[in-house]
Every structure is written in C-alpha cells, then in structure tokens.
Amino acid sequence: MAYMNLYWKVESGCNMGCVMCFRDHTRRIVRGYETKLLTEAKSAGFSAIILTGGEPTLRDDLPGLVRECSSYGFNVRLDTNGINLNREYLASLQEYLSILGLPLHGSTAQLHDSIARRQGHFEIVRNISSIATELGIPVKITTAVSRRNIGDAQNIAQYLADEIHPRIYGLNGVVKRSLGAKAYGDLEIAQAEFEELKERLGQGNYPFRLSFCSGRKDTERAYIFVNPDFTMSITSGDSEEVIGDLKTESLECILQRTVVDHERHMARSKATSL
Ligand code: SF4
C-alpha cells in the first residue's frame, strides 16, 4: 500500500494565538522514539515528513530532527509561523529542507495580523519567505479561509504572485473539523462557499500551484499524524481519531488495522508536495 505524507507534530505549544487555531496544545512531548518512527515510516513507504505543531521551532532540537528526517531520504517540509526563523537558521537547514510552509491570512498587514493576533507578523512572513527564496528553499503559503478573509482570497493570491513567489498556495477552508469541533459561527464557511471560491481562483493564471482543501470532503481519513507523545491519529469525522501508540506498537501494525482512504491520502499529499 502506498503512502506519501506523514505529519509529525513535534510540538504542541505555540508562540502565537491565531483566531482559528485548532491545534491540540495539551500533548506533552515524549522523546526517544524518533529513530523508531523514521525507520518504520521508511519501511511503510512514506516519502515525505511534514514537521508541524503547534510551532515546531519552539523545540531547540528541531534542526537536528530536520537533518535526521532528511538522512532517511524523506522530503522534509517544515510548517512554521516563521517567528523564530532568521537567515542563519534557514541557511543551516538549506540542504535538508525540501519546502518551507508559512501562513498568510490576508493581503494586508491589518487583516493578516488581526487573524494571526500578532502585530508585525505579516512582515515576518514576507521577510522569511524572501530569505527562503534567496536561499533556494521553495515556499508553500497557506491561508486558513474563514468568514473573515474569504472575500480577500483573490487579493492574497495576487499579492503572492507579485511579492512572495511561492511554489504552492494552499487554501484550507475553516470548517468544524479544522476548528477542533468547536463552534465558531463567525469563522466557519459553508462547503458551497468554498467550492465557489475554488472555481473563481481556479480560473486565474497564477505562477504557482493552487491547492484547495475544504476541510471535510478532502480530509476524511486522508491525513495521518504522529503526535508529540508518539501516539498516532487520522482525520475522521469532525475531529482526529487516535489510531495507536508508537511507544508500544509498530507503525506497520497501526496502519494495518486503520482504514485509510488511500486515494484521498495520495491526492492530498500530491497537491501539497513539490
Ligand atoms: S501559528 Fe499555527 S499553531 Fe500557532 S496559533 Fe496559529 S494556527 Fe495555531
């Protein structure tokens, strides 16, 4: 059975507090199973590790984890808010990172910073993207599309085309699942609204690949996660279903008894990878 992207949440904490955040900030970090995870993920046929969180750069040992993932031959993507990055940090990862993932939720500092709830973050994203591009690290920008910014999505795409030059632009619909099954009526968008946006943007001629993820239809049993405590989960229903614990069982055993929508898993992996 083929697998592609494995999302490794290496950290549950974050130094930001975005309005739509759905991360589980409560899981404690366990260490000592990194080699087991990477060896077993390789044998299972995964080709890419996405280091994510929370905010993965809160971990001092993150550069070592990036290098270790790369040494196993995985394509490595780091999904980060960029706050802890600078030229020196990125240069040290240059030869190990396949792609850098950064968020952008508005085409103006005012809109983005209000959603990210951090003044100056719009400029951080612009600066870190520019450094990554100079260093030859491809950039993927992602917008969490909510009621607050759905009307700005075309402006964001144009801003990216003019200023940021990412390889991939991902638009993820903010729906119940991505809100951690909480009800944020003022943020959640309807599937029909997302489909309409997809059609509108899809007609544009942008110098990057567009990737749309509606949050429900596109994610059901498609995203496989390793949590900071080495439990594993999969996107299911309105939340993530825990499917096993790498501390006590093998990744192969966990996957054997887990229903994965392979077609969707491969489609989503390809849409968000180089
Ligand atoms: S940067 Fe990511 S993990 Fe941190 S608060 Fe924002 S959405 Fe949540």
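One numbering rule holds for all chains: residues counted from 1, following each sequence as written. Totals for whole chains, interfaces and linings use every residue, but because this is a predicted model, local features are given only for residues with pLDDT of at least 70 and side-chain atom pairs only at 80 or more, for both listing and counting.

Chemist: Would you explain the overall build of the protein in this entry?
Modeler: Strands are runs of DSSP state E lasting at least 2 residues, helices are runs of H or I lasting at least 4, and numbering of each runs from the N terminus. A tally of regular secondary structure across the protein gives 9 helices and 10 strands. Against the compact-globule benchmark of 19 Å for 274 residues, the protein has a radius of gyration of 18 Å, which places it among compact chains. Overall, the protein is about 45 × 40 × 35 Å in size when its C-alpha atoms are taken along their principal axes. Here the protein holds 274 residues, and 41% of them are scored as buried. Whether two residues are in contact is decided by their C-beta atoms, placed from the backbone, lying within 7 Å. Restricting the contact set of the protein to residue pairs at least 6 apart, pairs at least 24 apart contribute 72%. The size measure is the radius of gyration over C-alpha atoms, and the globule rule it meets is 2.2 Å times the number of residues to the 0.38 power. Exposure classification rests on a simple neighbour count of other C-beta atoms within 10 Å of a residue's own: a residue reaching 20 or more is buried, one at 12 or fewer is exposed, and one in between is partly exposed. C-beta atoms are placed from the backbone.

Chemist: Before we go on, may I ask you to explain helix α1 (residues 34-44) in this structure?
Modeler: Each turn of an α-helix holds 3.6 residues, which means side chains three or four residues apart point in the same direction. Within α1, burial applies to Leu37, Leu38 and Ala41. Buried residues of α1, viewed axially, fall in a sector of 90°; they line one side. Along α1, exposed side chains directed more than 90 degrees from the buried face belong to Thr35 and Ser43. Buried residues belonging to α1 abut β1 (5-9), α2 (62-71), β8 (224-226) and α8 (251-256). Gly45 sits one or two positions beyond α1 and adopts a positive phi of about 100°. Arc, as used here, means the arc of the directions from the helix axis to the C-beta atoms.

Chemist: Just checking my understanding: could you explain the site of the ligand for this structure?
Modeler: As a matter of local geometry, the ligand sits amid Cys14, Met16, Gly17, Cys18, Cys21, Arg23, Gly53, Gly54, Glu55 and Asn81. Residues were grouped as follows: Ala, Val, Leu, Ile, Met, Phe, Trp, Tyr, Cys and Pro as nonpolar; Asp, Glu, Lys and Arg as charged; and all remaining residues, including Gly, as polar. Here the residues of the shell around the ligand are counted per class, giving 4 nonpolar, 4 polar and 2 charged. Nearness here is judged by the C-beta atom: place it from the backbone, and if it falls within 6 Å of a molecule or strand, the residue counts as near that partner.

Chemist: Before we go on, may I ask you to explain the nonpolar core in this structure?
Modeler: For soluble globular proteins, nonpolar side chains are generally found buried alongside one another. Working definition: the nonpolar core is a set of buried Ala, Val, Leu, Ile, Met, Phe, Trp, Tyr and Cys residues, joined through C-beta atoms within 7 Å. Ile49, Leu51, Val66, Val76, Leu97, Leu100 and Val145 are the most contacted members of the largest nonpolar core, which has 60 residues in total. Counting residues per element, this core draws most heavily on helix α6 (residues 153-164), which supplies 5 residues. Each residue touching Val76, except ones within four places of it in the same chain, is listed here: Ile49, Leu51, Val66, Cys69, Ser70, Tyr96, Leu97 and Ser98.

Chemist: Just to check I follow, could you spell out the pairing of strand β4 (residues 99-103) for this structure?
Modeler: Remember that side chains alternate between the two faces of the sheet whenever the strand is regular. With 5 of 5 residues buried, β4 lies mostly within the body of the structure. Covered by surrounding structure in β4 are Ile99, Gly101 and Pro103 together with Leu100 and Leu102, the residues of both alternating faces. Here the rule is simple: two strands pair whenever DSSP picks up at least two bridges between them. By the bridge criterion, 3 bridges tie strand β3 (residues 75-79) to β4 in an arrangement that is parallel. Along β4, the bridge assignment pairs Arg77 with Ile99. With the strands aimed away from the viewer, a crossover counts as right-handed if its path from the first strand over the helix to the second runs clockwise. Crossover handedness for the path β3 to helix α3 (residues 87-93) to β4: right-handed. Alignment of β4 against strand β5 (residues 139-145), held across 4 bridges, turns out to be parallel. Residue pairing for β5: Gly101 is matched across the bridge by Lys140.

Chemist: Before we go on, may I ask you to explain the packing of helix α4 (residues 109-116) against helix α5 (residues 121-135) in this structure?
Modeler: What describes two packed helices is the angle between their axes and the distance between those same axes. The axes used here are C-alpha line fits, helices contributing only the stretch in contact, and every angle between their N-to-C directions lies in the interval 0 to 180 degrees. In contact at an axis separation of 8 Å, α4 and α5 are set at 105° when each is read in the N-to-C sense. Overall, the two elements α4 and α5 adopt an arrangement that is roughly perpendicular. On the side of α4, the interface is formed by Ala109, His112, Asp113 and Ala116, while α5 contributes His121, Phe122 and Glu123. Looking at the contact of α4 with α5, its residues break down into 3 nonpolar, 2 polar and 2 charged. Any angle that falls under 35 degrees is termed roughly parallel, while one over 145 is termed roughly antiparallel, one within 65 to 115 roughly perpendicular, and all others oblique.

Chemist: How do you make sense of the pairing of β5 when you look at a structure like this?
Modeler: Among the 7 residues of β5, 7 are classified as buried, and the element is accordingly described as predominantly covered. With burial as the criterion, each face of β5 is covered, one bearing Val139, Ile141, Thr143 and Val145 and the other bearing Lys140, Thr142 and Ala144. Where β5 and strand β6 (residues 168-173) come together, 6 bridges link them in parallel fashion. Within β6, the position partnered with Thr143 by the bridge is Leu171.

Remember, this is a structural readout, not a statement about activity or role.
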